[in-house]
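Examining the three-dimensional arrangement
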Amino acid sequence: MKIERKYMAHYLNAAFGSGDASYTRLGSDLEEYSPELTANVEKKSNIVGETTVTINGYQKQGEVSPYYAEPGDPLFERLQAIIDGDLVLDELKTDIVEVKLWDKDTAGAYPAVREECYIEVVSYGGDTTGYQIPFNVHYTGVKTKGTFDPAAKKFTAA
């Protein structure tokens, strides 16, 4: 049986390290969100015609486009602050939680992985469909396993 896409949830922390986490689920306007895994690949060939392949890490990135701004949404407010303040470096640092909604535990939480990330606003404006702020999520690889309760929007480290 195939798992429907809606059961792999992505929650972005809109608080960006300022106080309690404020998780917002990505997806209400997205037709697709697929973090890309760009592998660091090294290939070597020797003189006898053999090739060795070494994969020593990944650079992971996801694209959120479109993202429609909605007044009162904490993620919109943070993205607008990035635009208005030309924020850089650690001001763009937050975390994202990937939640496996097909595997609920007895307490109502689901297996999850929280990963540190940086947000890159790509542009802002858009067409007549609404004010858009597309952005990229750059994952750092710093991960914490745990559980996530979607009702409380709370991550608990294992």
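What comes next is a walk through the structure. Each chain has its residues counted from 1, running along the sequence as written. Residues qualify for local features only when their pLDDT is at least 70, as the model is predicted, and side-chain atom pairs are given and counted only at 80 or more; totals for whole chains, interfaces and linings, by contrast, use all residues. To obtain the side-chain values, all non-hydrogen atoms of the structure were used and water was disregarded.

1. Focus: a nonpolar patch on the surface
Distance thresholds for patches are 9 Å for like charges and 5 Å for nonpolar side chains (Val, Leu, Ile, Met, Phe, Trp, Tyr), applied to residues having over 30% relative accessible area and no salt bridge. Per-residue and other accessible areas follow the Shrake-Rupley method at a 1.4 Å probe size, with only the shown protein chains counted as cover for residues. Here, a salt bridge means any side-chain nitrogen of Lys or Arg that lies within 4 Å of a carboxyl oxygen of Asp or Glu. Residues Leu-37, Val-41, Val-53, Ile-55 and Tyr-58 make up a contiguous nonpolar surface patch of about 520 Å² in total accessible area. Secondary structure follows DSSP: runs of H or I at least 4 residues long count as helices, runs of E at least 2 residues long count as strands, and numbering of each begins at the N terminus. Counting residues per element, the ones that place at least two in the nonpolar patch are strand 3 (36–45) and strand 4 (51–64). Residue contributions to the nonpolar patch peak at 3 residues, all from strand 4. Structurally, the position occupied by Leu-37 is in strand 3.

2. Section: the layout of surface pockets
Think of a 1 Å grid over the protein atoms and nothing else: a 1.4 Å probe that fits but is trapped marks a cavity, an open set flanked by protein within 12 Å on at least five of seven lines marks a pocket, and residues with an atom within 4 Å of a point count as lining. Grid points are joined across faces, edges and corners, and a volume is the space filled by probe spheres set on the points. Within this model, the largest pocket holds a volume of roughly 160 Å³. In this structure, the largest pocket is lined by Arg-5, Lys-6, Met-8, Ala-9, His-10, Arg-25, Leu-26, Gly-27, Leu-30, Glu-31, Glu-32 and Tyr-33. Ranked by residue count, the leading element in the lining of the largest pocket is strand 1 (residues 8–13), at 3 residues. Under the scheme applied, nonpolar residues are Ala, Val, Leu, Ile, Met, Phe, Trp, Tyr, Cys and Pro; charged residues are Asp, Glu, Lys and Arg; polar residues are all the others, including Gly. Here the lining of the largest pocket is composed, by residue class, of 5 nonpolar, 2 polar and 5 charged.

3. A closer look at the nonpolar core
What is meant by a nonpolar core is a set of buried Ala, Val, Leu, Ile, Met, Phe, Trp, Tyr and Cys residues, joined one to another through side-chain atoms within 4.5 Å. The buried label goes to any residue with under 20% of its type's maximum accessible area, the exposed label to any with over 50%, and the partly exposed label to all in between, with areas taken from a 1.4 Å probe on protein chains only. Within the largest apolar cluster, 22 residues are counted, with the highest numbers of intra-cluster contacts made by Leu-26, Ile-119, Phe-135 and Val-137. Secondary structure elements with two or more residues in this core: helix 1 (74–85), strand 6 (110–121) and strand 7 (135–149). Considering each element in turn, this core owes the most residues, 5 residues, to helix 1. Whether two residues touch is decided by their heavy atoms; if any such pair falls within 4.5 Å, the residues are in contact. What Ile-119 contacts, discounting residues up to four positions off in sequence, is Leu-12, Phe-16, Leu-79, Ile-82, Leu-92, Thr-94, Phe-135, Asn-136 and Val-137. By size, the runner-up hydrophobic cluster in this structure holds 10 residues, among which are Val-99, Leu-101, Ala-112 and Phe-155.

4. Some details on the side chain of Asn-13
Mapped onto the elements of the fold, Asn-13 is located in strand 1. Since its relative accessible area comes to 5%, Asn-13 is described here as buried. If near-sequence neighbours (up to four positions away) are discounted, Asn-13 is found in contact with Ala-21, Ser-22, Tyr-23, Thr-94 and Asp-95.

5. Considering the side chain of Glu-115
Counting through the fold element by element, Glu-115 comes out in strand 6. Pairing of N or O atoms within 3.5 Å defines a polar contact, subject to two protein rules: one partner must be a possible hydrogen donor and the other a possible acceptor, and residues neighboring in sequence count only if both atoms are side-chain atoms. Within the local environment of Glu-115, its side chain forms a polar contact with the side chain of Lys-60, the two groups lying 3.4 Å apart. Separated by 2.8 Å, the side chain of Glu-115 and the backbone nitrogen of Gly-141 make a polar contact. With sequence-adjacent residues up to four places away left out, Glu-115 is seen in contact with Lys-60, Thr-94, Asp-95, Ile-96, Tyr-139, Thr-140, Gly-141, Val-142 and Lys-143.

6. Quick look at the pairing of strand 1
Moving residue by residue along a regular strand, the side chains alternate between the two faces of the sheet. Counting buried positions over the 6 residues of strand 1 gives 5, a clear majority of the element. If DSSP finds at least two bridges between two strands, the strands pair. Here 5 bridges tie strand 1 to strand 5 (residues 93–100), and the two strands are oriented antiparallel to one another. Counterpart to Leu-12 in the pairing with strand 5 is Ile-96. Strand direction decides the pairing type here: strand 1 and strand 2 (residues 23–25), joined by 3 bridges, are antiparallel. Bridging from a neighbouring strand, Tyr-11 pairs with Arg-25 of strand 2.

7. Things to note about the packing of aromatic side chains
Ring pairs (aromatic) are described by centroid distance and by the angle formed between their planes. For Phe, Tyr and Trp, where Trp contributes only its six-membered ring, two rings pair if their centres lie within 6.5 Å, and the inter-plane angle classes them as stacked under 30 degrees, edge-to-face over 60, or tilted in between. Counted by the stated rule, this structure contains 4 aromatic pairs. With a centroid separation of 5.5 Å and 85 degrees between ring planes, the pair formed by Tyr-23 and Phe-148 is classed as edge-to-face. Taken together, the residues Tyr-23 in strand 2 and Phe-148 in strand 7 connect sequence positions 125 residues apart. Pair check on accessibility: Tyr-23 and Phe-148 agree, each one buried. Aromatic pair Tyr-67 and Phe-135: ring centres 5.8 Å apart, planes at 70 degrees, arrangement edge-to-face. Within this pair, whereas Tyr-67 is found in the loop between strand 4 and helix 1, its partner Phe-135 is found in strand 7, the two being separated by 68 residues in sequence. One exposure class covers both Tyr-67 and Phe-135, and it is buried. In this structure an aromatic cluster arises from ring pairing among Tyr-11, Tyr-23 and Phe-148. Lysine and arginine charges are scored as sitting over a ring when NZ or CZ, respectively, is within 6 Å of the ring centre and within 35 degrees of the ring normal. Just above the ring of Tyr-139 sits the side chain of Lys-60; from NZ or CZ to the centre is 4.4 Å.

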